[in-house]
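Given next are the chains, with one letter for each unit.
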Amino acid sequence: MGNGTGIGRVRGLGSARHGAGHWLTHRYTSVSNLLLVLWLIFSLATMPGLDYESVRSWIANPLVAVPLMLMLVSVFWHLRLGMQVMLEDYVHDKGLNFFAILILNFYTIAGAAAGIFAIAKIAFEGAAS
């Protein structure tokens, strides 16, 4: 009935039922990365100056800060999904695989949080002054 062989069901070698969702999420984040990075490139290319104060005041604009934060989340989520697949495919030791994915999760959460914090700090300082 589409569940594989009897021995495969006994050994637990069937589908984990999360592969399609993981695959779709990876594709969604790649499309959002494409759109947001193109927006970033276009926005930076059309700025009159790329000096520190110009870019800082540009980031302080909420219509810029929010897409930048969304881009950070999307990029780090995409990175996590891709690296997780690579680790699951090529790290065969269960303990090492668990540890590597744990470190990957901490790294991606910390990286995205640090970027969001930096953008928010610039945005709130710009709004206060």
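The name given to the chain in an unreviewed UniProt entry is Succinate dehydrogenase hydrophobic membrane anchor subunit, with the source organism recorded as Sphingobium vermicomposti. Entered under Function (unreviewed entry) in the UniProt record, the comment concerning the chain runs "Membrane-anchoring subunit of succinate dehydrogenase (SDH)." According to UniProt, the comment filed for the chain under the heading Pathway (unreviewed entry) is "Carbohydrate metabolism; tricarboxylic acid cycle."

Peer 1: Explain the pattern of salt bridges to me, please; I cannot follow it from the model alone.
Peer 2: For side chains of opposite charge, pairing can occur when their charged atoms come near one another. Counted according to the given criterion, the structure contains one salt bridge. In this structure, Arg56 engages Glu125 in a salt bridge whose closest nitrogen and oxygen atoms are separated by 2.3 Å. On the criterion of sequence distance, the pair formed by Arg56 in helix 3 (residues 52–60) and Glu125 in helix 5 (residues 94–128) is long-range, its members being 69 residues apart.

Peer 1: So what exactly am I meant to see when it comes to the packing of aromatic side chains here?
Peer 2: Here a ring pair, both rings aromatic, is described through the centre-centre distance and the interplanar angle of the planes. Summed over all chains, the structure comprises two aromatic pairs. Summarising the aromatic geometry, the rings of Trp39 and Trp58 are spaced 6.0 Å apart at their centres and angled 20° between planes, so their arrangement reads as stacked. Of this pair, Trp39 sits in helix 2 (residues 19–46) while Trp58 is found in helix 3, placing the two residues 19 residues apart along the sequence. In this structure Trp39 comes out as partly exposed when scored by relative accessible area, which is 24%.

Peer 1: Can you walk me through helix 2 in this structure?
Peer 2: Helical periodicity: at 3.6 residues per turn, an α-helix aligns residues three or four positions apart in one direction. Its 28 residues place the ends of helix 2 41 Å apart at the C-alpha level, agreeing with the 40 Å of an ideal helix rising 1.5 Å per residue. Along helix 2, the residues that are buried comprise His22, His26, Thr29, Asn33, Leu36, Leu40 and Ser43. Along its buried surface, helix 2 packs onto helix 3 and helix 4 (62–90).

Peer 1: What's the story with the nonpolar core in this structure? I'm lost.
Peer 2: The nonpolar side chains of a soluble globular protein tend to be buried, and buried together. Formed by 14 residues in total, the largest nonpolar core has its most connected members in Leu40, Trp58, Ile59, Leu68, Met71 and Ile119. Contributions of two or more residues to this core are made by helix 2, helix 3, helix 4 and helix 5. Those residues in contact with Met71 that lie beyond four places of it in its chain are Asn33, Leu36, Val37 and Leu40.

Peer 1: Sorry if this is basic, but what is going on with the UniProt feature "transmembrane region" (unreviewed entry) in the chain here?
Peer 2: Listed under "transmembrane region" (unreviewed entry) in the UniProt record, and renumbered for this structure, are residues 28–46, 58–79 and 99–124. Spanning residues 28–46, this segment combines 100% helix with 0% strand, and its end C-alpha atoms are found 27 Å apart. Counting secondary structure, residues 99–124 comes out at 100% helix and 0% strand; the distance between its end C-alpha atoms is 37 Å.

Peer 1: Explain the packing of helix 3 against helix 4 to me, please; I cannot follow it from the model alone.
Peer 2: The description of two helices packed together rests on the angle between their axes and the distance between the axes. Where helix 3 contacts helix 4, the two axes come as close as 5 Å, and the packing angle between them is 85°. Classified by the interaxial angle, the pair formed by helix 3 and helix 4 is roughly perpendicular. Contacts between helix 3 and helix 4 involve Trp58, Ile59 and Ala60 from the first element and Pro62, Val64, Ala65 and Leu68 from the second. A breakdown of the residues in the contact of helix 3 with helix 4 according to their chemical character gives seven nonpolar, no polar and no charged.

Procedures and definitions
Throughout this document, residue positions are counted from 1 along each chain, in the order its sequence is written. Since the coordinates come from a predicted model, pLDDT governs what is reported: local features require at least 70, and pairs of side-chain atoms require 80 or more to be given and counted, while whole-chain, interface and lining totals use all residues. For side-chain calculations, the full set of non-hydrogen atoms in the structure is used, while hydrogens and water are omitted. UniProt positions are given in the numbering used here, feature names are shortened, and annotations may be inferred rather than shown by experiment. The working definition used for a salt bridge is a side-chain nitrogen of Lys or Arg within 4 Å of a carboxyl oxygen of Asp or Glu. Numbering of helices and strands runs from the N terminus; a helix is a DSSP stretch of H or I covering at least four residues, while a strand is a stretch of E covering at least two. Working definition: rings of Phe, Tyr and Trp (its six-membered ring) pair if their centres are within 6.5 Å, and the pair is stacked with planes under 30 degrees apart, edge-to-face with planes over 60 apart, and tilted otherwise. Remark: exposure states derive from per-residue accessible area (1.4 Å probe, protein chains only) relative to the maximum for the residue type, with buried under 20%, exposed over 50%, and partly exposed in between. How far a helix is expected to stretch is found by multiplying one less than its residue total by 1.5 Å. Residues are treated as being in contact if the distance between any of their heavy atoms lies within 4.5 Å. Residues enter a nonpolar core if they are buried and are Ala, Val, Leu, Ile, Met, Phe, Trp, Tyr or Cys, with the set joined through side-chain atoms within 4.5 Å. Here the axes come from fitting lines to C-alpha atoms, over the contacting stretch only for helices, and the angles between their N-to-C directions go from 0 to 180 degrees. For classification purposes, an angle smaller than 35 degrees is called roughly parallel, one larger than 145 roughly antiparallel, one from 65 to 115 roughly perpendicular, and anything else oblique. Put simply, Ala, Val, Leu, Ile, Met, Phe, Trp, Tyr, Cys and Pro go in the nonpolar bin, Asp, Glu, Lys and Arg in the charged bin, and everything else, Gly too, in the polar bin.

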